[in-house]
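Residues per chain are reported as follows:
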Amino acid sequence: MTQKEVLEQARTCLGNYCKGCQVCNGRACRNQIPGPGAKGVGDTAIRNYDKWKEIRVQMDTLCENQPVDTTCRVFGREFAYPFFAGPVGAVNLHYGEKYKDAAYNDILVSACAEAGIAAFTGDGTNPEVMEAATEAIRRSGGVGVPTVKPWSGAVVREKMELVRGCGAFAAAMDIDAAGLPFLKNMTPPAGSKTTAELAEIIRSAGVPFIVKGIMTVKGALKARDAGAAAIVVSNHGGRVLDQCPATAEVLPEIAEAVGDSMTVLVDGGIRCGTDIFKALALGADGVLICRPFVTAVYGGEKEGVAELVGRLGAELKDTMAMCGAHSLGEITREMVWRG
């Protein structure tokens, strides 16, 4: 399948919110909840996309002509590319009734594993969501990252039992989901965690733990102090708070502060292989991409995921070759221009 075919098919079943845009920049779906839009006017999601586009890459072809290697290692496991599918939950509510979370994750996790990357899976109020996600990861040999919402203590403990049982190579919590209204309306309310509370959750995971939703150096240091092996610089795709900075704007200082002591990932508006290159140049070890994987599954199932992974990988390889980087380790800050 081509990208055009995937998007055309996705538009027939995506529901009322996501428009299956050729350019997924947060504009057509702004200010829509539920759905892929955002609280408020949706300016953070739009800013995420725009700030990556303001960064330019520095072409340099006066270098040795040799093959480009995009492989990376995360927690001892090798992947074909330094990008991963981001977590999404309640897909039938947000993106249309064609899939529920179990079927969506079943396709996504296996398709990503077959393509040489890993999928982060979402979570939901229905316990079956995490049960199905962890089962999909178990069937794929642990190639996946179950991502738990910041529930209250007892619920987190139940979810972590599933995480430990699926053989996942890592686990995650999207702390940035604290801004989602449905968490605040729970009894007791779920949401923000203290460093001590996070440390207890991390100890219970039994695998390297990733804290998603870090937007400041202070937050990164607290996650490191709690025992996190990695962070995701993320504002939940711009969906939980208006007037945040873009992830591209805060990534360099966060990577500078903790990049030597933990793995740094980033998400938010990253839409092509050149964006991935920019993120790596600014200090990230890898990136998460979410919404394009949704349209890939809705528009082409496993074939759609394979098309997306192949296209992103090819764009990354081309950018690396044209900027004189033949491995991920050769990508440096000087290879991008920030104006």
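Quick look at the structure, then. Small disclaimer: the values here were computed from a predicted structure and weren't measured. (Residues numbered from 1 in each chain as written. Predicted model: local features only at pLDDT ≥ 70, side-chain atom pairs only at ≥ 80, totals over all residues. Heavy atoms only, no water.)

### Some words on the layout of surface pockets
- Approximately 950 Å³ is the volume found for the largest pocket.
- Lining the largest pocket are 48 residues, and of these Val88, Gly89, Ala90, His94 and Arg239 lie nearest its centre.
- For the lining of the largest pocket, the secondary structure elements donating two or more residues are helix 2 (43-54), helix 3 (91-95), helix 4 (101-114), helix 5 (127-139), helix 7 (181-184) and strand 11 (286-289).
- A breakdown of the residues in the lining of the largest pocket according to their chemical character gives 21 nonpolar, 16 polar and 11 charged. (1 Å grid on protein atoms, 1.4 Å probe; cavity = no way out; pocket = protein on both sides within 12 Å on 5 of 7 lines; lining within 4 Å. Points joined across faces, edges and corners; volume = space filled by probe spheres on them. Helix = DSSP H or I, 4+ residues; strand = E, 2+ residues; numbered from the N terminus. Nonpolar A, V, L, I, M, F, W, Y, C, P; charged D, E, K, R; others polar.)

### What about the pattern of salt bridges?
- Taken as a whole, this structure holds 16 salt bridges when the rule is applied.
- As a salt-bridge pair, Asp267 and Lys212 come within 3.8 Å of each other at their nearest N and O atoms. One end of the pair, Asp267, is in the loop between strand 10 (263-266) and helix 11 (273-281); the other, Lys212, is in strand 8 (residues 209-214), with 55 residues separating them in the sequence.
- Several salt bridges share partner residues, and in doing so they unite Asp106, Glu135, Arg138 and Arg139 into one network. (Salt bridge = Lys/Arg side-chain N within 4 Å of Asp/Glu carboxyl O.)

### With respect to the packing of aromatic side chains
- Per the stated rule, a full pass over the model turns up 5 aromatic pairs.
- On the numbers, 5.0 Å between centres and 90 degrees between planes, the contact of Tyr99 with Tyr298 is edge-to-face. Here Tyr99 is found in the loop between helix 3 and helix 4, whereas its partner Tyr298 is found in helix 12 (residues 291-323), with 199 residues between them in sequence.
- Taken together through their ring pairs, the aromatic side chains of Phe79, Phe84, Phe120 and Phe169 make up a single cluster. (Phe/Tyr/Trp six-rings, centres within 6.5 Å; stacked < 30°, edge-to-face > 60°.)

### Some details on empty space enclosed by the protein
- All told, the structure shown has 1 cavity of 30 Å³ or more when counted by the stated rule.
- Looking at the largest cavity, its volume works out to about 40 Å³.
- The wall of the largest cavity is formed by Val74, Phe84, Phe120, Val145, Phe169, Ile210 and Leu265.
- Split by residue class, the lining of the largest cavity holds 7 nonpolar, no polar and no charged.

### Describing the environment of Lys193
- Within the secondary structure, Lys193 is located in the loop between helix 7 and helix 8 (195-205).
- For Lys193, a relative accessible area of 23% puts it in the partly exposed group.
- Each C-alpha atom, one on Lys193 and one on Gly268, is 22 Å from the other, the two residues being 75 residues apart in sequence.
- Excluding anything up to four places from it in sequence, Lys193 contacts Pro150, Trp151, Ser152, Ile175, Leu198 and Ile201.
- Polar side-chain contacts of Lys193 include one of 2.4 Å to the backbone oxygen of Trp151. (Buried < 20%, exposed > 50% of the residue type's maximum accessible area, 1.4 Å probe, protein only. Contact = heavy atoms within 4.5 Å. Polar contact = N/O pair within 3.5 Å; in protein donor to acceptor, adjacent residues only side chain to side chain.)

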